[in-house]
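Here is how the chains run, residue by residue.
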Amino acid sequence: MSDTPMSDSGRKPLDHYVNEAPFDPHSATRLSPDQEKFYLSSQWRLMWLKFRRHKLAVWSGIYLLLVYFSILISEMLAPFSFTHRHTDYIYAPPQEVRLFHEGELVGPFVYPYDVRLDLEELRWVYTENKAEPKPLRFFCTAADYDGATYEFWNMAEMSFHFVCPSEGSHFFLLGTDRLGRDILSRIIQGARISLTVGLIGVIISFVLGVTLGGIAGYFGGFADWCVQRAIEVIRSFPSLPLWMALSAAMPVNWSPILVFLGITVILGLLDWPGLARAVRSKLLSLREEDFAVAAQLMGATPTRIIGKHLLPSFTSHLIASVTLAVPSMILGETALSFLGLGLKPPITSWGVLLNEAQNFNAVALYPWLLWPAVPVIMVVLAFQFLGDGLRDAADPYK
């Protein structure tokens, strides 16, 4: 319908349009599907959407999942048993994987080594025998080469490998050490210890940090004073001498498993103060909020208030803190084992492998002994990138 009301002067009519469509009070607030994905999502979904935009953190998380999954089947991934000694191939250099032999496609293969002793330099010299290539095999089940059998999780004898050399041959992708042990197999097996130390140590430090930090932040007063003084005493000691003293205090007659547990407990007991201070500072500010006071007036116990109302308010911060604490645990175990104060053979970890590369002359002649440092660097960087992504996603409203 169209009306033509008169203007203020009463001389000339003005055109006026009236929309006859029914009035919809929600038309101005209707959201598009893309808007609904953000404005109607929960906080956890917003965190995931923001974390997914951090491509480096996503790929780091995928890499860490694959690495931690690999420790379940370390023996199958390694081409040899990590304890087997190839006495005829001491300090053997890495073998190059090739596809073509004399212009023909053979597939993945390596050239076997011919070994001779150089009496002038007193070292073994390895030359490739290019007359007979040795194809690599996949999903092997036959124990037809030295070092094929192993004890799967020390429970059952097996010989299955995803990749293995030809029958009666050898395959040293990263070379061998002073005892002729395959470095690649020992790196894969060492991941089980080094990565597990980080997880167990973080669990111990997380429980102590959240518990003591929660008590100090919520109750304050004398409890806060005691926790703060304990943190200051622990943080006042230099880390390396304290590690050395605690490691030396462990009995020499302990089994490798007990030494492993002792190292994890030491790392966990020394790493909780940082998390405890973070939890304390958060609780000091949150305990005065209305929801915390309301829960207290309704008769909720301090344990329920802390665990049910306060800690979930900064769970994202705790997740990021834990993620960033794991690499420090791994580096701590690596440093102790490198100095000979942590894990010792027959346990195999990345730190134990690097301990064998302390001799400068050996490294100068056999640089492949430093290969165990590569997975340490990659895992630590992956945890750092993942922690940065989680820390950015922890506040999805920024």
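Just above, that's the structure.
A brief report on the enclosed structure follows. (Residues numbered from 1 in each chain as written. Predicted model: local features only at pLDDT ≥ 70, side-chain atom pairs only at ≥ 80, totals over all residues. Heavy atoms only, no water.)

## Regarding the layout of surface pockets
The volume enclosed by the largest pocket comes to roughly 660 Å³. Phe-82, Asn-154, Gln-189, Arg-192 and Ile-193 are the residues nearest the centre of the largest pocket, which is lined by 24 residues in total. Contributing elements (two or more residues each) for the lining of the largest pocket: β9 (150–152), α5 (183–219) and α8 (256–286). A total of six residues in the lining of the largest pocket trace back to one element, the largest contributor, which is α5. In the lining of the largest pocket, the residues fall into 13 nonpolar, eight polar and three charged. (1 Å grid on protein atoms, 1.4 Å probe; cavity = no way out; pocket = protein on both sides within 12 Å on 5 of 7 lines; lining within 4 Å. Points joined across faces, edges and corners; volume = space filled by probe spheres on them. Helix = DSSP H or I, 4+ residues; strand = E, 2+ residues; numbered from the N terminus. Nonpolar A, V, L, I, M, F, W, Y, C, P; charged D, E, K, R; others polar.)

## Describing the pattern of salt bridges
Taken as a whole and assessed by the stated rule, the structure comprises twelve salt bridges. With a closest N to O distance of 3.0 Å, Arg-98 and Glu-128 form a salt bridge. Here Arg-98, found in strand β3 (residues 98–101), pairs with Glu-128, found in strand β6 (residues 123–128); they are 30 residues apart in sequence, far enough to count as distant. Notably, a salt bridge pairs Arg-280 with Asp-224, separated by 2.6 Å at the nearest N-O pair. Pair noted here: Arg-280 is in helix α8 and Asp-224 is in helix α6 (residues 221–236), with a separation of 56 residues, a long-range link. (Salt bridge = Lys/Arg side-chain N within 4 Å of Asp/Glu carboxyl O.)

## Some points on the sheet that holds strand β4 (residues 104–110)
Strand order in the open sheet formed by three strands is β3-β4-β7, with antiparallel pairing between adjacent strands. Of all the strands in the sheet, the pair left with one neighbour each is β3 and β7 (134–135). Here two bridges tie β4 to β7, and the two strands are oriented antiparallel to one another. Its bridge partner being in β7, Val-110 is matched across the sheet by Lys-134. (Pairing = 2+ DSSP bridges.)

## Description of the packing of helix α11 (residues 315–338) against helix α14 (residues 373–393)
Taken N-terminus to C-terminus, the directions of α11 and α14 make an angle of 165°; their axes are 8 Å apart at the nearest point. By the criterion of interaxial angle, the relationship of α11 to α14 is roughly antiparallel. Seen along the crossing, α11 lies across α14 with a hand that is left-handed. Between α11 and α14, the residues in contact are Ile-319, Ala-320, Thr-323, Leu-324, Val-326, Pro-327, Ile-330, Leu-331 and Thr-334 and Val-376, Val-379, Val-380, Phe-383, Gln-384, Leu-386, Gly-387, Asp-388, Leu-390 and Arg-391, respectively. When its residues are assigned to classes, the contact of α11 with α14 shows 13 nonpolar, four polar and two charged. (Axes fitted to C-alpha atoms, helices over the stretch in contact; angles between N-to-C directions. Parallel < 35°, antiparallel > 145°, perpendicular 65-115°, else oblique. Left-handed = near helix turned anticlockwise from the far one by under 90°. Contact = heavy atoms within 4.5 Å.)

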